Amino acid sequence: MFETLEVAVLGHEYTETQKSLFWLKVALTMDSFAVGIIRLVLPLFYSDMGVGEDGTVLGMLDSLYWFAQIIGCSVLGASCSSWSSQKKWLYITMIGALLSYGLVGVAWAYGSISLLLCSRFTVGLIKQSSTLSKNIVSYHAERNRNAKELGRLKALGLVGFAAGSMMGGILEEFHQLLPVIVCVSLFAFNVFIAVPRITFSEEDKREEEKRKKENMKQQTSLIVHQMKDSFMSSANVILTARGIFLKALMLAGLHNVLTSAGSVYSSTYEINRFHLRPALLGTSRMVDNVCGCLVNYFMMEFFIQMLGRRGSIVSGGGVLVLGNMIQFPESVNFYGLLLSHAVISLGKTLTITGGESLLSTSVAKENLGAAYAARNLQSSVFRFIGPWYGGVLLQRMGSLATPYLEACHWGVFMVVAYVVLKKRDKPHAD
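On a predicted model such as this, the values are computed, not experimentally measured, just so you know. (Residues numbered from 1 in each chain as written. Predicted model: local features only at pLDDT ≥ 70, side-chain atom pairs only at ≥ 80, totals over all residues. Heavy atoms only, no water.)

**Digging into the overall build of the protein**
- Along the backbone of the protein there are 16 helices and 0 strands.
- Counting the 430 residues in the protein, one finds 50% classified as buried.
- Put simply, 83% of the contacts in the protein that link residues at least 6 apart link residues at least 24 apart.
- In the structure as shown, the protein presents an accessible area of about 20,500 Å², 63% of it carried by carbon and sulfur atoms. (Helix = DSSP H or I, 4+ residues; strand = E, 2+ residues; numbered from the N terminus. Buried < 20%, exposed > 50% of the residue type's maximum accessible area, 1.4 Å probe, protein only. Contact = heavy atoms within 4.5 Å. Areas by Shrake-Rupley, 256 points an atom, 1.4 Å probe, with all protein chains shown as cover.)

**Describing the pattern of salt bridges**
- Applying the stated criterion across every chain, the model contains 2 salt bridges.
- Between K127 and D31 there is a salt bridge, with the nearest N and O atoms lying 2.9 Å from each other. With a gap of 96 residues between them, K127 in the loop between α5 (113-126) and α6 (129-140) and D31 in helix α2 (residues 16-48) connect regions that are remote in the sequence.
- K127 gets classed as buried once you look at its relative accessible area, which sits at 13%.
- Assessed through its relative accessible area of 3%, D31 is described here as buried.
- For E173, the salt bridge is made with R277, and the minimal N-O distance between the two is 3.4 Å. With E173 in helix α7 (residues 146-174) and R277 in the loop between α12 (269-274) and α13 (278-325), the pair connects residues that are 104 residues apart, well separated along the chain.
- For E173, a relative accessible area of 38% gives the class partly exposed. (Salt bridge = Lys/Arg side-chain N within 4 Å of Asp/Glu carboxyl O.)

**Digging into the packing of α2 against helix α8 (residues 178-194)**
- α8 packs onto α2 with a crossing angle of 160° between their chain directions and a minimal axis gap of 9 Å. Considering their axes alone, α2 and α8 lie roughly antiparallel with respect to each other. Relative to α8, the crossing made by α2 is left-handed. Here W23, V26, A27, M30, D31, F33, A34, V35, I37, I38, V41 and F45 of α2 come into contact with α8, specifically with P179, V180, V182, C183, L186, F187, F189, N190, I193 and A194.
- Of the residues belonging to the contact of α2 with α8, the class tally is 20 nonpolar, 1 polar and 1 charged. (Axes fitted to C-alpha atoms, helices over the stretch in contact; angles between N-to-C directions. Parallel < 35°, antiparallel > 145°, perpendicular 65-115°, else oblique. Left-handed = near helix turned anticlockwise from the far one by under 90°. Nonpolar A, V, L, I, M, F, W, Y, C, P; charged D, E, K, R; others polar.)

**Remarks on unusual backbone geometry**
- Of note in this structure, H275 is not a glycine but carries a positive phi near 50°.
- Structurally, H275 is set in the loop between α12 and α13.

**Points about the confidence of the model for the protein**
- Taken residue by residue, the protein gives an average pLDDT of 79. The fraction at 70 or more is 76%.
- The least confident element of the protein, judged by mean pLDDT, is helix α10 (residues 216-239) at 48; the most confident is helix α16 (residues 402-421) at 94.
- Between residues 425-430, whose pLDDT stays under 50, and residues either more than four places distant or in other chains, the model counts 14 contacts. (pLDDT = per-residue confidence, 0-100.)

**Considering the environment of I37**
- Within the secondary structure, I37 is located in helix α2.
- A residue is classified by how much of its surface remains accessible, and I37, at 0% relative accessible area, is buried.
- Spatially, the C-alpha atoms of I37 and M166 are 7.5 Å apart, while their sequence positions differ by 129 residues.
- Among residues more than four places away in sequence, those in contact with I37 are G164, S165, M167, G168, L171, P179, V182 and L186.

Next up, the structure:
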């Protein structure tokens, strides 16, 4: 059956690499679809467990996740230099996600906050599927097709997440545990069907022979050494940052704090204010993701050319303020909420993509790897801090204050971005 699918998609004459990349895309799409499902129902579970308005618990859940991400990213970056280790990590990621998301259902059934914390830490530590997929594509795809393959990978991830958000709401209408069951089933599909068909046979055999010749103790010591070097290198890049690169890092840090804080106090906002059924909640999340995907792939180049990188970041902050202001009137209905999501999605895309573009022009090409590693380390650190701030705001003001808090936050971001980027530094010459 699967051979027929491969022939239908790839044609009769396809290479092992083409087949493996196809199944990698299938695995990532199923992964994103499953995550979209579970992310939609998590706020509903929080409400059922009585912590929907508990800023301390929600802040702890998100901070624990991002703390685990710091560790997981460091281990992954240090130990994925060969196909043998990539394949091993792919299995670990999928099995870990299966178990940790299954634990979410158990935590809800027993009303256990401890199990919920354990689940979030585990999934943050082990689930690195997006980063790992990009690593594998860059490692195996032809050099002149890298950008195209990575673009397709990102698009499939966004589409899968948007569709999963919609499906999560529909499934929850039938039974509260059904989304968790479907999510776990999708990861089981990846573990037993998709990942085993990702072979890259020639590379696999070569790396397997190489691995057998190495001593396990030496391998472990090398990974620890690489982790230390990777962490110290990223920290050094951050501490010695200058000019445009420093400004890009500063704004990215502020953006991460505000985004992660907002995810805490807004987690149950739509449920409490609009009393949305799960299916409608899924629709609102899907609109957010679809709009972001469309803007990113069809309009972002136009905005960058029209506004410039700096202008895109500053304008994005203003658009985010406007998007949240749409929700200010008490008379706003579900369709007003959807309009607000569309505008907010445009603002997020402008700030994030504009910031990444600014970062990419601020250092020489040969230093881009270190620059992105530094940004990822900084992102995880600030996303670890943000939820605590969001939890404090939730405790003091409640989730219904979300649009006012978000408008204030992004207004501050817009002003800071304007002041920081007002002076034009000379871009780095490649």
